[in-house]
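# Chains, contacts and geometry: an overview
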Amino acid sequence: MKYLVLVLTGIFPLSFWFPFGNSPQAQGNSQSSVTTVSPNLVISQFQAGSAADTNDEFIEILNLSANPVDLNGISLVYRSASATNDILVYQWTTSTIVPSGGYYLIASNSYDGTVSANSTYNNTTCSCALSSTSGGIALRQGAVNSGTILDSV
């Protein structure tokens, strides 16, 4: 009986934390037909160079939500394994809608894939060439080094 009381006392506070303090639905805007921040905006695929060309890079974003998402105000950043700050790869400064279930492809100017990129970046001028062995990429809402991380790989 004491064990049951201890378990219930541990679970009871968590039942208040998850629905109110950590709910993905709380981040969305139900008043608008376009959500500005989606907990379902994810980096679905990426390539950090190929054997033929180390600058042949791409990052694919997928909107898993049931609503369209506006990328305006979101940044794609890269951080090498030894760095302490993010490097801006791409930033959306105008309305760019990704439909529900839709993809958005960002690629370096050396990308040679068969699917056309929605946007490109020059990984030489931004010093953001992706390492194939370490480091990470992330989508941020807000400032490059301090904005909310939406997804990271």
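Everything in this summary refers to the structure shown in the same document.

The rules behind each value
- Residues numbered from 1 in each chain as written.
- Predicted model: local features only at pLDDT ≥ 70, side-chain atom pairs only at ≥ 80, totals over all residues.
- Heavy atoms only, no water.
- Helix = DSSP H or I, 4+ residues; strand = E, 2+ residues; numbered from the N terminus.
- Buried < 20%, exposed > 50% of the residue type's maximum accessible area, 1.4 Å probe, protein only.
- Contact = heavy atoms within 4.5 Å.
- Areas by Shrake-Rupley, 256 points an atom, 1.4 Å probe, with all protein chains shown as cover.
- Salt bridge = Lys/Arg side-chain N within 4 Å of Asp/Glu carboxyl O.
- Core = buried A, V, L, I, M, F, W, Y, C linked by side-chain atoms within 4.5 Å.
- Pairing = 2+ DSSP bridges.
- Axes fitted to C-alpha atoms, helices over the stretch in contact; angles between N-to-C directions.

To continue, consider the overall build of the chain. If you tally the helices and strands in the chain, you get one helix and ten strands. Taken from N to C terminus, the helices and strands of the chain fall in the order α-β-β-β-β-β-β-β-β-β-β. Within the chain, buried positions represent 33% of all 153 residues. When contacts within the chain are restricted to residue pairs at least 6 apart in sequence, those whose partners lie at least 24 apart make up 58%. Accessible surface computed for the chain: about 9000 Å², of which carbon and sulfur atoms make up 56%.

Turning our attention to the environment of Gly135. With respect to the helices and strands, Gly135 occurs in the loop between β8 (119-121) and β9 (136-141). Between the alpha carbons of Gly135 and Tyr78 there is a distance of 7.4 Å; along the sequence they are 57 residues apart.

Glancing now at the pattern of salt bridges. On inspection of all chains with the given rule, the structure shows two salt bridges. Across the pair Asp86 and Arg79 runs a salt bridge, and its minimum N-O distance is 2.9 Å. Between Asp86 and Arg140 there is a salt bridge, and its shortest N-O distance comes to 2.6 Å. Linking Asp86 in the loop between β4 (74-79) and β5 (87-91) with Arg140 in strand β9, this pair joins segments that are 54 residues apart in sequence. Exposure remark for Asp86: the relative accessible area of 11% places this residue in the buried category. Linked by salt bridges that have partners in common, Arg79, Asp86 and Arg140 make up one network.

Moving on, we come to the nonpolar core. Counting 21 residues, the largest nonpolar core has Leu41, Leu76, Trp92 and Leu139 as the members making the most contacts within it. Taken together, the elements giving at least two residues each to this core come down to β1 (41-47), β2 (58-63), β4, β7 (103-108) and β9. Sorting elements by how many residues they give to this core places β4 first, with three residues.

On to the pairing of β4, then. Most of β4 sits inside the fold, with five of its six residues counted as buried. Pairing between β4 and β9: six bridges, direction antiparallel. Bridged to Ser75 within β9 is Arg140. Where β4 meets β5, four bridges bridge the pair, whose relative direction is antiparallel. Among the inter-strand pairings, Leu76 is bridged to a residue of β5, identified as Tyr90.

With that settled, consider the environment of Asp53. Structurally, Asp53 can be placed in the loop between β1 and β2. A sequence separation of 59 residues divides Asp53 from Asp112, and the C-alpha atoms of the two residues are 9.2 Å apart.

Next up on the list: the sheet that holds β7. Backbone hydrogen bonds are what pair the strands of a sheet, in a parallel or an antiparallel way. Spatial ordering of the open sheet is given by β1-β2-β7-β8, a layout of four strands whose pairing is mixed. Edge positions in the sheet fall to β1 and β8, since each of these pairs with one other strand and no more. Strand-to-strand twist in this sheet, taken as the mean axis angle between neighbours without regard to direction, amounts to 20°. In this structure, β2 lies alongside β7, joined through five bridges in antiparallel fashion. Along β7, the bridge assignment pairs Phe58 with Ala107.

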